Amino acid sequence: MKNILVLHTGGTIAMHADADGDVETGPDNPLNQADFSLPDVQLTVENIFNLPSEYIGPEHMLQIQQRILAAQGQVDGVVITHGTDTLEETAYFLDNTLDVDFPIAMTGAMRSANELGSDGLYNYQTALRVAADDQSANRGVLVVMNDEIHAARFVTKTHTTNVATFASPVSGTMGLITKRRIIYLYDLVPGKTFPIQAVSKNIPVLKAYAGMNGQLLELLAATGIDGLVIEALGAGNLGQEAALGVQHLLNRQIPVVIVSRSFNGIAEPVYDYLGGGTQLEKAGAIFAASINGQKARLKLLIGLENHLNKAALNDYLHQF
Ligand code: ASP
């Protein structure tokens, strides 16, 4: 018998549509009525939150992380249901802060409980199957949606409404779910994890654009932020004025992490002119290779909360 801990946190999977088709949260999560008889699986279900995922922040992620740590030794797997808008962020936070040997599968839905073609119950059931499968252990946090399994490290929400919204542009889908099988297509080298007790750092994300100047960067430096992530252009470049703004932050010992605003590929220093990636790196900016801005922000937060020095922070953010 497998003991699976289910943590419901809210999101569309826990919502319903009203008579006008507007989607809203009700007093009871419809998933609490779900009655699955999966062979040899016993569920412990907790409604840890009932929030749209836009309301979920690092404090909630920490609470989920601590609940999972407390369950060690008592569970064989965990399923977390979550709104899809920030699901990848909670998945990534847990992936970077939990070192457990049982599977953790996250899922959500693009259509609420009573909408035509609702995908919630189906995704919930497949996430339970994944979490109860021995093959799913030691793969990091998994995102299970639409018959696919994605690694938290690479997954992102790519479409506003399509049920096939989750994809892993850099690595491809990690696994497939069929009626009778769960198939993993590749293994990942385990990533480094860090413990975490606090999530107090203030780290905004800025997106670069043609004509970006340094004004906003200087204003942010004056507000006392703890770090900044910039979704830079292409392989990780900025214009001259924005580069001077980055220098302004670095002169004040505020770490600046560079990722790409392109949703696929690896950010790395290539161009050697003011604002080019090579010069940004020489000036002290840190390149985070394959992750997007929202994930880089969490990684920087975890690194800073663990008091990593500049070199260690650099290594951690560089790591895939
Ligand atoms: N706005 C919703 C949420 O993230 C979207 C969803 O769950 O699909 O809570």
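That block above? That's the structure.
Residues numbered from 1 in each chain as written. Predicted model: local features only at pLDDT ≥ 70, side-chain atom pairs only at ≥ 80, totals over all residues. Heavy atoms only, no water.

(A) Local environment of the site of the ligand. For the ligand, the full set of nearby residues is Gly11, Thr12, Pro52, Ser53, Glu54, Gly83, Thr84, Asp85 and Ala109. Between a nitrogen atom of the ligand and a side-chain N or O atom of Asp85, the distance comes to 2.9 Å. Across the complex, the protein chains shield 87% of the 260 Å² of accessible surface that the ligand would expose by itself. Looking at side-chain class alone, the shell around the ligand contains two nonpolar, five polar and two charged residues. (Near = heavy atom within 4 Å. Polar contact = N/O pair within 3.5 Å; in protein donor to acceptor, adjacent residues only side chain to side chain. Areas by Shrake-Rupley, 256 points an atom, 1.4 Å probe, with all protein chains shown as cover. Nonpolar A, V, L, I, M, F, W, Y, C, P; charged D, E, K, R; others polar.)

(B) Here's a closer look at the nonpolar core. Counting residues in each nonpolar core, the largest one holds 48 residues, and the members touching the most others are Ile68, Val78, Ile80, Phe93, Leu94, Ile104 and Val257. Setting aside residues no more than four positions away along its own chain, Val78 makes contact with Ile4, Leu5, Leu7, Ile68, Phe102, Pro103, Ile104, Ala105 and Ala131. Judged by nonpolar contacts, the second largest core, of 24 residues, contains Ile13, Leu31, Tyr124 and Leu142. (Core = buried A, V, L, I, M, F, W, Y, C linked by side-chain atoms within 4.5 Å. Buried < 20%, exposed > 50% of the residue type's maximum accessible area, 1.4 Å probe, protein only. Contact = heavy atoms within 4.5 Å.)

(C) Up close: the environment of Ala19. Among the structural elements, Ala19 can be located in the loop between strand E2 (15-17) and strand E3 (23-25). Between the C-alpha atom of Ala19 and that of Ala109, which follows or precedes it by 90 residues, the distance is 20 Å. (Helix = DSSP H or I, 4+ residues; strand = E, 2+ residues; numbered from the N terminus.)

(D) Representation of the sheet that holds strand E15 (residues 256-260) within the structure. The strand order across the open sheet formed by four strands is E13-E14-E15-E16, and the pairing between neighbours is parallel. Across the chains shown, the open sheet's two edge strands, defined by having one partner strand only, are strand E13 (205-207) and strand E16 (286-287). Looking at chain direction, E13 and strand E14 (residues 228-232) are connected through three bridges and run parallel. Looking at E14, one finds that Lys207 is bridged to Glu231. (Pairing = 2+ DSSP bridges.)

(E) Geometry of the pairing of strand E5 (residues 77-81). Taken across its five residues, E5 has five buried, putting it largely inside the fold. Where strand E1 (residues 2-8) lies against E5, five bridges are found, and the strand directions are parallel. When the sheet's bridge partners are listed, His8 is paired in E5 with Thr81. Summarising the sheet, E5 and strand E6 (residues 104-107) pair through four bridges and their orientation is parallel. Among the inter-strand pairings, Thr81 is bridged to a residue of E6, identified as Thr107. Note that the unit made of E5, helix H2 (residues 87-97) and E6 has a crossover that is right-handed. (Right-handed = clockwise from strand over helix to strand, strands pointing away.)

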